[in-house]
Number of protein chains: 2
Amino acid sequence: MQWFRDRCAEAGLPCTHQRQVLYRALLEAKDHPGPEMLYERVKRDIPSVSLGTVYRNIKTFLDNGLIGEVSLHHGPLRLEANNTPHHHLVCRVCRKMFDLPAEQVESIHLREALPKGFHLERFVVEAHGLCAGCAAPKRTGRTH
Amino acid sequence: MQWFRDRCAEAGLPCTHQRQVLYRALLEAKDHPGPEMLYERVKRDIPSVSLGTVYRNIKTFLDNGLIGEVSLHHGPLRLEANNTPHHHLVCRVCRKMFDLPAEQVESIHLREALPKGFHLERFVVEAHGLCAGCAAPKRTGRTH
DNA sequence: TGACGGATGAGAATAATTCTCATCTAATAG
DNA sequence: CTATTAGATGAGAATTATTCTCATCCGTCA
């Protein structure tokens with residue numbers, strides 16, 4: 001929590017009660033919760049909190065790197081007909097995706113066993129980075 | 001396309017004009033489009049098509065394994081405060097997620113260079129499969 | 001061709017997220 | 001410690017994404 005307050009100060013973000021409770025809720029969560037879930041948890045401490053505040057602060061935290069999103073793929077469904085084994089290159093900024101044939105990636109090895117009870121089916125690999133357009137200097141905005 | 005018609009027959013799905021045009025649109029797409037995008041493309045051939053039909057058939061295709069979704073993470077945002085390098089175990093059925101420390105996975109190697117212009121930042125690995133609850137026999141439903 | 005079960009189009013309903021604005025509060029200066 | 005003020009908050013409307021309902025239509029099989 002002290003780390004959180006320091007980062008808020010650095011970023012020039014007022015360290016409000018709502019923000020602290022929200023951040024703590026996420027710190028203590030082990031289940032990768034979504035906004036609705038966090039809203040429920042924050043409400044236990046601040047019954048008057050609004051869902052809008054939760055969304056607003058989640059976005060603020062993400063923009064400042066205080067928290068992370070589990071995947072770049074939330075939001076609208078994205079589809080493909082390609083049924084050959086393959087992975088993806090994903091642009092962190094514009095979220096364009098390109099196929100990466102499975103043979104191009106050496107197979108994944110674990111150093112320790114997975115937690116007991118989980119039945120592994122396959123490994124999915126994503127190469128995250130910047131696509132040609134977004135990596136080009138001088139241009140900041142996302143393409144979509 | 002013949003493959004598509006055969007699979008429809010196997011699955012007992014009427015092979016309607018809308019379905020064929022939708023499937024072809026996705027076959028030809030290289031950009032991992034979403035429903036809205038596919039709707040636009042199908043409309044070029046069938047101006048009267050409805051968005052509901054596009055959504056309905058996308059779901060039908062997914063349920064029958066005719067097409068794939070790019071990631072298990074579309075839908076509501078999922079968050080985490082854990083800022084140590086780590087990957088995730090993801091249950092294909094209930095979509096619960098568990099952390100997998102980065103050290104537990106041997107580093108990724110490519111057999112060929114990535115397409116020129118893509119600036120790689122990191123590899124994200126996801127272990128997809130069934131969690132203990134969903135792998136248990138006799139129970140089919142997802143937990144959420 | 002005829003019958004019928006499932007598919008379609010239109011639009012309402014629901015879920016997920018963002019926005020607007022009047023009011024309030026954390027941070028800073030006095 | 002109080003005043004100031006930029007930015008945060010709560011309420012609820014607006015927007016976007018997706019699913020559902022139902023009357024009508026069409027692909028499949030006999």
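Quantities reported herein were computed from a predicted structural model and do not represent experimental measurements.

Thresholds applied
Residues numbered from 1 in each chain as written. Chains lettered and ligands numbered in written order. Predicted model: local features only at pLDDT ≥ 70, side-chain atom pairs only at ≥ 80, totals over all residues. Heavy atoms only, no water. Helix = DSSP H or I, 4+ residues; strand = E, 2+ residues; numbered from the N terminus. Polar contact = N/O pair within 3.5 Å; in protein donor to acceptor, adjacent residues only side chain to side chain. Contact = heavy atoms within 4.5 Å. Pairing = 2+ DSSP bridges. Axes fitted to C-alpha atoms, helices over the stretch in contact; angles between N-to-C directions. Domains from an automatic or database assignment. Buried area = accessible area lost by both parts, 1.4 Å probe. Salt bridge = Lys/Arg side-chain N within 4 Å of Asp/Glu carboxyl O. Near = heavy atom within 4 Å. Nonpolar A, V, L, I, M, F, W, Y, C, P; charged D, E, K, R; others polar. Least-squares fit on C-alpha atoms with pLDDT ≥ 70 in both. Core = buried A, V, L, I, M, F, W, Y, C linked by side-chain atoms within 4.5 Å. Buried < 20%, exposed > 50% of the residue type's maximum accessible area, 1.4 Å probe, protein only.

1. Some details on the side chain of His88(B)
Now for step 1: Along the chain, the position of His88(B) falls in strand β3 (residues 86–91).
Now for step 2: A distance of 3.4 Å separates polar atoms of two side chains, one belonging to His88(B) and the other to His32(A).
Now for step 3: Once you skip the residues sitting within four places of it in the chain, His88(B) turns out to touch His32(A), Val70(A), Glu80(B), Phe98(B), Asp99(B), Leu100(B), Val125(B), Glu126(B) and Ala127(B).

2. Side note on the sheet that holds β3(B)
Now for step 1: Read across the open sheet, the 6 strands follow the order β4(A)-β3(A)-β5(A)-β5(B)-β3(B)-β4(B); overall the sheet is mixed. The open sheet terminates on both sides in strands that have one partner only, identified here as β4 (97–101) of chain A together with β4 (97–101) of chain B. Averaged over all pairs of adjacent strands, the angle between their axes in this sheet comes to 30 degrees, without regard to strand direction.
Now for step 2: Pairing of strand β3 (residues 86–91) of chain A with β4(A), which is carried by 5 bridges, proceeds in the antiparallel orientation. Directly across from His86(A), in β4(A), lies its bridge partner Pro101(A).

3. Observations concerning the domain arrangement of chain A
Now for step 1: Looking at chain A, the domain boundaries give domain 1 (2–63) and domain 2 (71–144).
Now for step 2: Computed from C-alpha coordinates alone, the two centres of domain 1 of chain A and domain 2 of chain A are separated by 28 Å.

4. Some details on the interface of chain B and chain A
Now for step 1: On the chain A side, the residues contacting the 67 residues of chain B number 66 residues.
Now for step 2: Here chain B and chain A share an interface that buries about 5700 Å² over both sides, 60% of which is from carbon and sulfur atoms.
Now for step 3: Taken together, the links from chain B to chain A amount to 3 salt bridges.
Now for step 4: One salt bridge connects Glu121(B) with Arg92(A), and the closest N-O pair in it is separated by 2.7 Å.
Now for step 5: Inspection of the chain B/chain A interface yields 41 residue pairs in polar contact (both at pLDDT 80 or more).

5. A closer look at the protein's contact with DNA strand C
Now for step 1: For DNA strand C, the set of nearby residues contains 17 residues, the closest of which are Tyr55(A), Thr16(B), Arg19(B), Thr53(B) and Arg56(B).
Now for step 2: If you look at DNA strand C and keep only atoms within 4 Å of the protein, 80% of those are sugar or phosphate atoms.
Now for step 3: Side-chain polar atom of Gln18(B) to a sugar or linking oxygen of DNA strand C: 3.0 Å apart, as the coordinates give it.
Now for step 4: Note that a phosphate oxygen of DNA strand C is positioned 2.6 Å from one of the side-chain N or O atoms of Arg19(B).
Now for step 5: When residues of the surface near DNA strand C are traced back to their parent elements, those giving at least two are α4 (51–63) of chain A together with α2 (17–28) and α4 (51–63) of chain B.
Now for step 6: Of the residues in the surface near DNA strand C, the class split is 8 nonpolar, 6 polar and 3 charged.

6. Focus on the relation of the copies chain B and chain A
Now for step 1: Its rotation angle being 180 degrees, the transformation that places chain B on chain A also includes 0.0 Å of axial translation and leaves an RMSD of 0.1 Å. Look at the turn and shift together and you get a two-fold axis relating the two.
Now for step 2: The fraction of interface residues of chain B whose copies in chain A are also interface residues reaches 99%, indicating that both copies meet through the same surface.

7. A look at the protein's contact with DNA strand D
Now for step 1: Neighbouring residues of DNA strand D: 17 residues in total, closest Thr16(A), Arg19(A), Thr53(A), Arg56(A) and Tyr55(B).
Now for step 2: Of all atoms in DNA strand D that approach within 4 Å of the protein, 81% are sugar or phosphate atoms.
Now for step 3: Between Gln18(A) and DNA strand D, the recorded distance is 3.0 Å, taken from a side-chain N or O atom to a sugar or linking oxygen.
Now for step 4: Within the side chain of Asn57(A), one N or O atom sits 3.1 Å away from a phosphate oxygen of DNA strand D.
Now for step 5: Looking at the surface near DNA strand D, the elements that each hand over two or more residues are α2 (17–28) and α4 of chain A together with α4 of chain B.
Now for step 6: Residue classes in the surface near DNA strand D are distributed as 8 nonpolar, 6 polar and 3 charged.

8. A word on the nonpolar core
Now for step 1: Formed by 30 residues in total, the largest nonpolar core has its most connected members in Cys134(A) and Cys134(B).
Now for step 2: For this core, the elements supplying multiple residues, two or more each, are β3 and β5 (119–130) of chain A together with β3 and β5 (119–130) of chain B.

9. Things to note about the pairing of β5(A)
Now for step 1: Where β3(A) and β5(A) come together, 4 bridges link them in parallel fashion. Residue pairing in the sheet places Leu89(A) in a bridge with Ala127(A) of β5(A).
Now for step 2: Two elements, β5(A) and β5(B), share 11 bridges in a ladder whose sense is antiparallel. If you follow Gly129(A) over to β5(B), its bridge partner there is Leu120(B).

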